[in-house]
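# Descriptive structure summary
Now for the letters of each chain:
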Amino acid sequence: MLVVLHYSGGTSWEPAEDISQEVLEQRAKSVPETDFPEPMNRSIGGGGAVEVPAGEAGGELAEGEEEEEDEGFDPSAIADDEVEYYEIEFAKEGETIEVANNEPLLDAGEEEGWDLPYACREGQCISCAGHIEDGPAEEYIRHSQNDSLMDDDMEEGYCLTCVAYPTEDFTLETGESP
């Protein structure tokens with residue numbers, strides 16, 4: 001009976017004030033702002049490569065050697081009547097889908113509802129890397145930007161799905177990096 005009377009009367013204990021918002025605000029002040037895109041970032045330990053402004057990379061050309069002009073690939077420049085579609089087999093997802101030559105492989109996979117890995121979406125890291133099983137990547141895709149993969153990696157069939165646009169039908173293994 002004594003226990004019932006004790007609990008019915010309540011205790012004088014009061015919960016401590018919630019300071020979680022204050023703690024979050026103080027931590028936010030101590031962390032510097034970055035240009036790295038946070039929304040929808042699913043990489044673990046991802047990060048972008050350091051960007052070097054054009055003409056400041058250094059290095060010297062041998063005598064008589066000319067610097068190659070890397071014009072890049074602009075998928076938005078493809079006219080609507082020139083858009084082509086290719087059958088891309090996503091091996092790990094177990095499906096084959098049509099992907100336009102002006103649509104990145106990553107976007108096409110996400111439209112199917114697949115949770116594919118990525119981080120920067122700018123071709124500056126290898127979080128989104130995939131492997132083309134059919135041969136060298138240059139034969140099957142074009143990158144609009146590639147700051148991370150070396151020529152050897154491309155020769156072995158690796159690509160950056162966030163900036164890779166198909167030029168042929170092929171099989172892709174997502175989440176594979178060199």
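Residues numbered from 1 in each chain as written. Predicted model: local features only at pLDDT ≥ 70, side-chain atom pairs only at ≥ 80, totals over all residues. Heavy atoms only, no water.

Quick look at the environment of Asn 146 now. Summarising the element assignment, Asn 146 is placed in the loop between strand E4 (141-143) and helix H4 (151-155). Classification of Asn 146 by relative accessible area gives partly exposed; the value is 27%. Each C-alpha atom of the pair Asn 146 and Gly 123 lies 4.9 Å from the other, and the pair is 23 residues apart in sequence. A polar contact of 3.2 Å, which involves the side chain of Asn 146, links it to the backbone nitrogen of Ser 148. (Helix = DSSP H or I, 4+ residues; strand = E, 2+ residues; numbered from the N terminus. Buried < 20%, exposed > 50% of the residue type's maximum accessible area, 1.4 Å probe, protein only. Polar contact = N/O pair within 3.5 Å; in protein donor to acceptor, adjacent residues only side chain to side chain.)

Tallied over the entire structure, the rule returns three salt bridges. Between Arg 121 and Asp 107 there is a salt bridge, with the nearest N and O atoms lying 3.1 Å from each other. One end of the pair, Arg 121, is in the loop between helix H3 (105-111) and strand E3 (129-132); the other, Asp 107, is in helix H3, with 14 residues separating them in the sequence. The closest approach of N and O atoms between Arg 121 and Glu 110, which form a salt bridge, is 2.6 Å. Taken together, the residues span a long stretch of sequence, with Arg 121 in the loop between H3 and E3 and Glu 110 in helix H3 at a distance of eleven residues. Take Arg 121: its relative accessible area is 28%, and that puts it in the partly exposed class. A cluster of three or more residues bridged by salt bridges with shared partners is formed by Asp 107, Glu 110 and Arg 121. (Salt bridge = Lys/Arg side-chain N within 4 Å of Asp/Glu carboxyl O.)

Take Asn 101: it is sitting in the loop between strand E2 (95-100) and H3. Leave out the neighbours within four places in its chain, and Asn 101 touches Phe 73, Ile 78, Glu 82, Val 83, Glu 84, Tyr 86, Tyr 165 and Pro 166. (Contact = heavy atoms within 4.5 Å.)

For the structure shown, the criterion picks out two aromatic pairs. Between the aromatic rings of Phe 90 and Trp 114, the centroid separation amounts to 5.0 Å while the plane-to-plane angle is 50°, which identifies the pairing as tilted. Here Trp 114 lies in the loop between H3 and E3 and Phe 90 lies in strand E1 (residues 85-90), a separation of 24 residues in the sequence. Accessibility classification places Phe 90 together with Trp 114 in one group, the buried group. The residue whose ring lies beneath Arg 121 is Tyr 118, and the NZ or CZ to ring-centre distance is 4.1 Å. (Phe/Tyr/Trp six-rings, centres within 6.5 Å; stacked < 30°, edge-to-face > 60°. Lys NZ or Arg CZ within 6 Å of the ring centre and 35° of its normal.)

It is worth stressing that arrangement in space is one thing and function is another; only the former is reported here.
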